[in-house]
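Given next are the chains, with one letter for each unit.
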Amino acid sequence: MATATTKDRPGDMPTTAGPNAVKGTKWVYTFEEGSAEMRNLLGGKGAGIAEMTRAGLPVPPGFTITTAACNAFYDAGKQFPEGMWEQTLAALAHIESKTGKGFGDPKNPLLVSVRSGAKFSMPGMMDTVLNLGLNTKTLQGMTELTNDERFALDAYRRFIQLFGKIVYGIDGQAFEAALDAKKEATGAKTDADLGPVSLREVVAEFKAIFQAETKETFPEEPVEQLRAAIGAVFASWGNKRATDYRNFNKIPHNLGTAVNVQSMVFGNMGADSGTGVAFTRDPSTGEKALFGEYLTNAQGEDVVAGIRTPKPISAMDEDLPAAYKQFAEIAQRLETHYRDIQDMEFTVERGTLYMLQTRSGKRTAQAAVKVAVDMVHEGLISKEEAVQRVEPTQVDQLLHTRLDPKAQLKVLATGLAASPGAAYGKAMFDADLAETMAKQGERVILVRIETNPDDVHGMIAAQGVLTARGGKTSHAAVVARGMGKPCVAGAESIKVDLETRQFMAGGTVVKEGEYFTIDGSTGRVIAGQVPMIEPEISGDLEQILLWADGLRRLQVWANGDYPRDAELARSFGAQGIGLCRTEHMFMEQDRLPIVQAMILADTETERRAELAKLLPVQRDDFYGILKSMHGLPVVIRLIDPPLHEFLPSLEELLVAVTEAKALGKPEAEWRDQAKMLAAVRNLHEQNPMLGLRGCRLGLMFPEIIEMQARGIIEAAIALKREGVDVHPEIMVPLVGTVEELRRTREVIVSTIDTVFAESKTKVDYQVGTMIEVPRAALIAGDIAEVAEFFSFGTNDLTQTTFGYSRDDAEGKFLLKYVEDKVLPENPFESLDRDGVGRLMRMAVTEGRAKRPEMMVGICGEHGGDPASIALCEELGLDYVSCSPYRVPVARLAAAHARLAATERDRYPRGDA
C-alpha cells in the first residue's frame, strides 16, 4: 500500500482504528443481505439497491458499508473501524464470485463504482468514483475482452479524472481544460468523437496533471485505489456543500453516509449502450408518466453532471426499444412496491438493462401535492399518508410568485423548465459572491455554465438558478427543486463568460450586477425585473388541506390589522384573527398627525380632544375587520409600542433644530420642531422595549384605553344591528403582574358598560392578555383569575427569556451562534423548547387549573413555523395565529403535529 502524501486531502489513506472500535460489529452488507427496512444503516441508496436485488431485478452485484462505519470513521479521527476493511475484502470476493471476474485480474478485470448514499437523499452533495480497478494492466485486459480500445481508454481517462478530483482534491477544471484542448485540436465536437490515439494522449496528460498536483504517480494497485476511494466518500460527508445542504434541509449531521461498492456496467460501449436517470412520474408536475433523460454511449456522470445535454427518456423507446419496455415495466413495479414516486438510475450495456438505484424521488411542491392526491385516488395510499407526504414547506413553495401575464416581456432565451416558479435578481456568476451579496440584502440569481455540488451555498442564497448546460435531472435542477427555487437549465443559446462575468442571450449582454428574470415553469430567460403576482390555493392543494383540516386538532387563526388582511386570511382558511395590532392603524399618514398631537398634548383635556378625533377612525378600522371575519373571533390588542415610535427620530430632529439655530433662521420656522424635539427627549428611553409600553402605557394614560375599547364595542354594536355575528376579544399586552391586568380590565369594562348604556345594546366580548414576559408565565394561575384567555406573544417572550434584543442579536451574534452550534437554531424562527417552551407549559397548566375552559393560543411569528406548531400541539394550545400567507402552511403542519402525537401515544416508548 502506498504511503499517503503530506497534502491535506479527504482521501488520505485511512488505516484501521484501534481501541475505540467496536469489535465484532458488522460493517458491511452484501446487496442480498440488505432490505428497504435498513435505510438507517444502509442509507437510502443501499437500502433501495438491496430491495431491488431481493425482488430479482437486474442489479449488478455489490455491497454496502454502513453509516455506522462512517460515524466510527469520524470518531476514530478518519480511520476505518476495526474489522471493516477485512469485511470489505470479503464482500469484494463475493462480487468476484458473482461476476466471474477478478479485482485486478489483467485478463478478466472487475471494475467497481464507489458511491455515497445517506439516509436522506442529498443529490450531488457527496462523492462518486467510477471505473475503479483500472490500471495499465487491466486496461489492456478490458481492451481485449471488449475488442474496443476506445471504450477502455475512455473508461480509464474518466477514472483518473474522478479519482484525482474526489480522492486527491485536484481541481476538476484542470482535467476538463486538457480534454477540451484535445477536442479542439482534433476537431472533435463531443467526448465520444475522440478516437483511441487521442484518448491515449488524454490519459497521459491526465496522469501528468495528477503527478504535478500530488507529487505522486497515479496508483496502480486496485486494492489501494479502493481503500482510498472509500475513505474519500466517507470524508465527503463533512465537506462544505454537504454540510450546507444538510443545514438548509435540516438533516441531522450525525447520520453519516453509507458507501456502496458495485460492479461496473458500461453505458459507453457503443450505440446499443446508454445510461439514464428517470422518475416514475414527472417530478415537476406530478403527471403520471415516465419522466427522465438518457444518453447513448455514455456513463452516468454525463447525465447527472450536465456535461452533455441528454435526450428525453421517451426517445429510448426508439433507440433501445426492448430495454425501454423492460425499464418501463420495472419502473411501474417499483412504484407499486414502494407506494411512492421513484427516482431511478439505470445503464444499458450492449442491449442489456441494469438497475443501479431506486429511491424516493425529490419533487417540487406542485408534484408532491398532485402525486399524493392521485395516489389516494389510485388506492395506493391513505388520506393520512397523503397529508404526511406533503411537507409544510412545500405548501409554502406553492405560494410562490409567478409572472404577471399582463407584463411586457423581452425573452432573451429559452431553456429547460427545470424547477417551477419565477424570480428576478442581479446576475451573479459564482456561488461565493452570490452568497455575499444575498447576505447584504440583494436579490441575486446564480448564473453558471453548469452547477456542481460546490455551488450549493450560492444556490441557497440565490432567488433562482440559470445554467447553460444540463437537463431536468442535472445537479442544478434536482437541487433547485428540492429547495423550491426556480431554475432554468440547459439554456444552450446563452453564452456564459465567466472571465468577463457576463452572459449574452438574444443579442443582449447581461453583466454581473444587472437585473434579469427567470421563469422556471416555462424555461424563459427574460430581460429586466418582471412584475409578479401571487398564487391561489385550488385543486389538489385544496384537497390536501381539506384532508388536513379533518385530521388536525389545533385551529389556525391569522394575524391581520386591516380588512384586506382578514379577507385574505379567510380565503386561505383562517378560523379567526389571533392578533389585530391597533398601533399599525395609527401609522397611517392621514391619522399620524392626530396621534402626534395627542402625544404632544400638555394636559389630559387636550389629549382627550385629539383622541376624540381618532375615535371614529379607529371605530371604522374595527368595523371593517370585524365585518370581514363575521362569525369568527377577532382578538384586538390594545396599543403596545412606546409612544416615541409615532414621533420623528431624535437624531433627525436634533440636527434640524441645531442647524436652524446655527443659521440664524427665525424661531417661527423651527418652533414646532423644537417642541417636537422636547417631547421626543421627554419620551426617550434607554431600553424602550422594556419601558413605557403595553399595559404600562395604558395605565399611565387610561384615556387611550378608553378610546380603543369604545371604538371596538361601538363597531361591534353597529354590526350586530346589521345582523352581523361578531366576536370581539380585547387583549391587554405586556402584563407582568395581576394588578396591571386587573386595573386595565376595570377601565375596559367601565368604558364598555357606558357604551352599552348609551346604545341600549350589548354584545358578547372577552378580555384576555398576552403572556410575553417570564413573570406572567410564572404567575399564570393568578393572572387567569382576571384574564378570560391567554395568547403567547412569543417574539417578546423569547426576547425577555433569553435577554436578547432581537434586532441587535440577529445583526451582531445570533446567526453566528447558530452557525457555531452555540444554539441549535434561531429561537426567533423556531421556539426554544427547553426555556420558552417550559414557561409556556407552566402557563398553560396553571392557567387552566384556575380556568379549565380557557382558550390559549399563540400569536407570535412562531405561529407559522412547523416545528413550533408541533410544540403547541404537545402543550395543548387551542390555536396558532400566523401571517395570512402562512395559514395554509400552518393548517398542514397542525395535521402533521396531530398525527405525530397520535403515533407517540400509540408507541410511547418508540416501539414503532
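The rules behind each value
Here the residue index of a chain counts from 1 through its sequence in written order. Note on the predicted model: pLDDT of at least 70 is required for a residue's local features to be given, and 80 or more for side-chain atom pairs to be given and counted; whole-chain, interface and lining totals, by contrast, use all residues. Values reported for side chains reflect all heavy atoms of the structure, with hydrogen atoms and water molecules removed beforehand. Axis geometry follows a simple rule: fit a line to the C-alpha atoms, using only the stretch in contact for helices, then measure angles between N-to-C directions, giving values from 0 to 180 degrees. A run of H or I in DSSP becomes a helix once it reaches four residues, and a run of E becomes a strand once it reaches two; helices and strands are each numbered from the N terminus. Roughly parallel covers angles under 35 degrees, roughly antiparallel covers those over 145, roughly perpendicular covers 65 to 115, and oblique covers all other angles. Residue contacts are counted whenever heavy atoms from the two residues lie within 4.5 Å of one another. Put simply, Ala, Val, Leu, Ile, Met, Phe, Trp, Tyr, Cys and Pro go in the nonpolar bin, Asp, Glu, Lys and Arg in the charged bin, and everything else, Gly too, in the polar bin. We call a pair of cysteine sulfur atoms a disulfide whenever their separation is within 2.5 Å. Using a 1 Å grid laid over the protein atoms alone, points where a 1.4 Å probe fits but cannot get out form a cavity; open sets with protein on both sides within 12 Å along at least 5 of 7 lines form a pocket; any residue with an atom within 4 Å of a point counts as lining. Grid points are joined across faces, edges and corners, and a volume is the space filled by probe spheres set on the points. Only protein chains enter the accessibility calculation, which uses a 1.4 Å probe; a residue is then buried when its area is under 20% of its type maximum, exposed when over 50%, and partly exposed in between. At least two DSSP bridges between two strands are required for those strands to pair. A clockwise course of the path from the first strand over the helix to the second, judged with the strands pointing away from the viewer, identifies a crossover as right-handed. Two helices that cross are described as forming a left-handed crossing if the nearer one is turned anticlockwise from the farther one by less than a right angle, and a right-handed crossing if clockwise. Here a salt bridge means any side-chain nitrogen of Lys or Arg lying within 4 Å of a carboxyl oxygen belonging to Asp or Glu. Every residue gets a pLDDT, meaning the predictor's confidence in that residue, from 0 to 100. Each residue after the first adds 1.5 Å to the expected span of a helix. Here the arc refers to the directions that run from the helix axis out to each C-beta atom. Nonpolar cores were defined as sets of buried Ala, Val, Leu, Ile, Met, Phe, Trp, Tyr and Cys residues, with membership established by side-chain atoms within 4.5 Å.

1. A look at the packing of helix 2 (residues 67-75) against helix 8 (residues 222-236)
Right, so step 1: Two elements in contact, helix 2 and helix 8, have axes whose closest approach is 10 Å; the angle formed by their N-to-C orientations is 85°. Our classification of the angle between helix 2 and helix 8 gives roughly perpendicular. Facing Ala 69, Cys 70, Phe 73 and Tyr 74 of helix 2, the residues of helix 8 in contact are Gly 231, Phe 234, Ala 235 and Ser 236.
Right, so step 2: Of the residues belonging to the contact of helix 2 with helix 8, the class tally is 6 nonpolar, 2 polar and no charged.

2. Some words on the state of the cysteines
Formally, a disulfide is one covalent bond, and it connects the sulfur atom of one cysteine to the sulfur atom of another.
Right, so step 1: Tallied over the entire structure, the rule returns 0 disulfides.
Right, so step 2: With no disulfide of its own, Cys 695 has Cys 859 as its nearest cysteine by sulfur position, at a separation of 15 Å.

3. With respect to the layout of surface pockets
Right, so step 1: What the second largest pocket holds in volume is close to 550 Å³.
Right, so step 2: Taken together, 31 residues form the lining of the second largest pocket, with Gln 366, Gln 397, Leu 398, Pro 420 and Pro 535 sitting closest to its centre.
Right, so step 3: Sorting the residues of the lining of the second largest pocket by element identifies helix 13 (365-377), helix 15 (392-398), strand 11 (402-403) and helix 19 (539-551) as the ones contributing at least two each.
Right, so step 4: No other element matches the 4 residues that helix 13 contributes to the lining of the second largest pocket.

4. Some words on the pairing of strand 14 (residues 422-428)
Right, so step 1: Where burial is concerned, most of strand 14 is hidden: 6 out of the 7 residues are buried.
Right, so step 2: For strand 14 and strand 21 (residues 515-519), the ladder comprises 5 bridges, and the chain directions are antiparallel. Each residue of the ladder has a partner; that of Tyr 424, found in strand 21, is Thr 517.
Right, so step 3: As judged from the 3 bridges shared by strand 14 and strand 15 (residues 444-448), these two strands associate in the parallel manner. Bridging from a neighbouring strand, Ala 427 pairs with Ile 445 of strand 15.
Right, so step 4: For the crossover from strand 14 across helix 16 (residues 431-439) to strand 15, the handedness is right-handed.

5. What to know about the packing of helix 5 (residues 149-168) against helix 8
Right, so step 1: Closest axis-to-axis distance for the helix 5/helix 8 pair is 10 Å, and the angle between their directions is 50°. Regarding the angle of helix 5 to helix 8, the classification is oblique. Note on packing geometry: the crossing formed by helix 5 with helix 8 is left-handed. Here helix 5 contributes Phe 159, Phe 163, Ile 166 and Val 167 to the contact with helix 8, which in turn contributes Gln 225, Ala 228, Ala 229 and Ala 232.
Right, so step 2: Class assignment for the residues of the contact of helix 5 with helix 8 results in 7 nonpolar, 1 polar and no charged.

6. What about the pattern of salt bridges?
Right, so step 1: One pass over the structure, following the stated rule, counts 54 salt bridges.
Right, so step 2: For Asp 319, the salt bridge identified is with Lys 311, shortest N-O distance 3.0 Å.
Right, so step 3: Classification of Asp 319 as partly exposed rests on a relative accessible area of 33%.
Right, so step 4: For Arg 833, the salt bridge identified is with Glu 874, shortest N-O distance 2.8 Å. Remark: Glu 874 occurs in helix 35 (residues 866-875) and Arg 833 occurs in the loop between helix 33 (814-819) and helix 34 (836-850); sequence separation between them is 41 residues.
Right, so step 5: Since its relative accessible area comes to 32%, Glu 874 is described here as partly exposed.
Right, so step 6: The network of salt bridges with shared partners includes Arg 150, Asp 154, Arg 157, Arg 158, Asp 180, Lys 183 and Asp 191.

7. Points about the sheet that holds strand 15
Right, so step 1: What the 8 strands build is an open sheet, ordered 12-22-21-14-15-16-17-13; its pairing is mixed. For this open sheet the edge positions go to strand 12 (411-414) and strand 13 (416-419), each flanked by a neighbour on one side alone. Neighbour to neighbour, the strand axes of the sheet diverge by 30° on average, direction disregarded.
Right, so step 2: Judged from the 3 bridges that link them, strand 12 and strand 22 (residues 524-527) form a sheet pairing that is antiparallel. Bridge pairing links Val 411 to Ile 526 in strand 22.
Right, so step 3: Helix 16 contacts strand 14 and strand 15 of the sheet and is inclined by roughly 180° relative to strand 15.

8. Observations regarding the confidence of the model for the protein chain
Right, so step 1: Per-chain confidence: the protein chain averages 89 in pLDDT, with 94% of residues scoring 70 or above.
Right, so step 2: Across residues 1-13, confidence stays below pLDDT 50; counting only partners more than four residues off in sequence or on other chains, it has 30 contacts.
Right, so step 3: Confidence drops under pLDDT 50 across residues 15-22; counting only partners more than four residues distant or on other chains, this segment forms 19 contacts.

9. Observations concerning helix 24 (residues 650-662)
Right, so step 1: Over its 13 residues, helix 24 runs 18 Å from end to end, which matches the ideal 18 Å to within 8%, given 1.5 Å per residue.
Right, so step 2: Among all positions of helix 24, only Leu 650, Leu 653, Val 657 and Ala 660 are buried. The buried residues of helix 24 occupy one face: seen down the axis, they fall within an arc of 110°. Exposed and oriented more than 90 degrees from the buried face of helix 24 are Glu 651, Glu 652 and Ala 662.

10. Some words on helix 31 (residues 794-802)
Right, so step 1: Turning to helix 31, its buried residues number three or more, namely Thr 794, Asp 796, Leu 797, Thr 798 and Gln 799.
Right, so step 2: Among the residues trailing helix 31, Gly 803 stands out with phi positive, at a value near 75°.

11. Let's talk about the sheet that holds strand 19 (residues 502-505)
Right, so step 1: Across the sheet, which stays open at both edges, the 3 strands sit in the order 18-19-20 with antiparallel pairing between neighbours. The two strands at the open ends of the sheet, each matched to only one other strand, are strand 18 (495-497) and strand 20 (508-511). Recorded for the sheet is a direction-independent mean angle of 20° between the axes of neighbouring strands.
Right, so step 2: In this structure, strand 18 lies alongside strand 19, joined through 3 bridges in antiparallel fashion. Following the sheet pairing, Val 496 is matched in strand 19 by Phe 503.

12. A closer look at unusual backbone geometry
Right, so step 1: The phi dihedral of Asn 147 is positive, around 55°, even though this residue is not glycine.
Right, so step 2: By secondary structure assignment, the location of Asn 147 is in the loop between helix 4 (136-146) and helix 5.
Right, so step 3: Residue Asn 147 is classed as exposed on the basis of its relative accessible area, which comes to 71%.
Right, so step 4: Residue Lys 215 is not a glycine yet carries a positive backbone phi of 65°.
Right, so step 5: Following the sequence through the fold, Lys 215 ends up in the loop between helix 7 (196-214) and helix 8.
Right, so step 6: Residue classification places Lys 215 among the exposed positions, given a relative accessible area of 70%.

13. Some remarks on the nonpolar core
Right, so step 1: Ranked by internal contacts, the top residues of the largest apolar core, which has 99 residues, are Ile 544, Ile 713, Ile 748, Ile 783, Phe 790, Phe 792 and Leu 877.
Right, so step 2: Val 28, Ile 65, Leu 179 and Ala 434 belong to the second-largest nonpolar core, a separate cluster that totals 87 residues.

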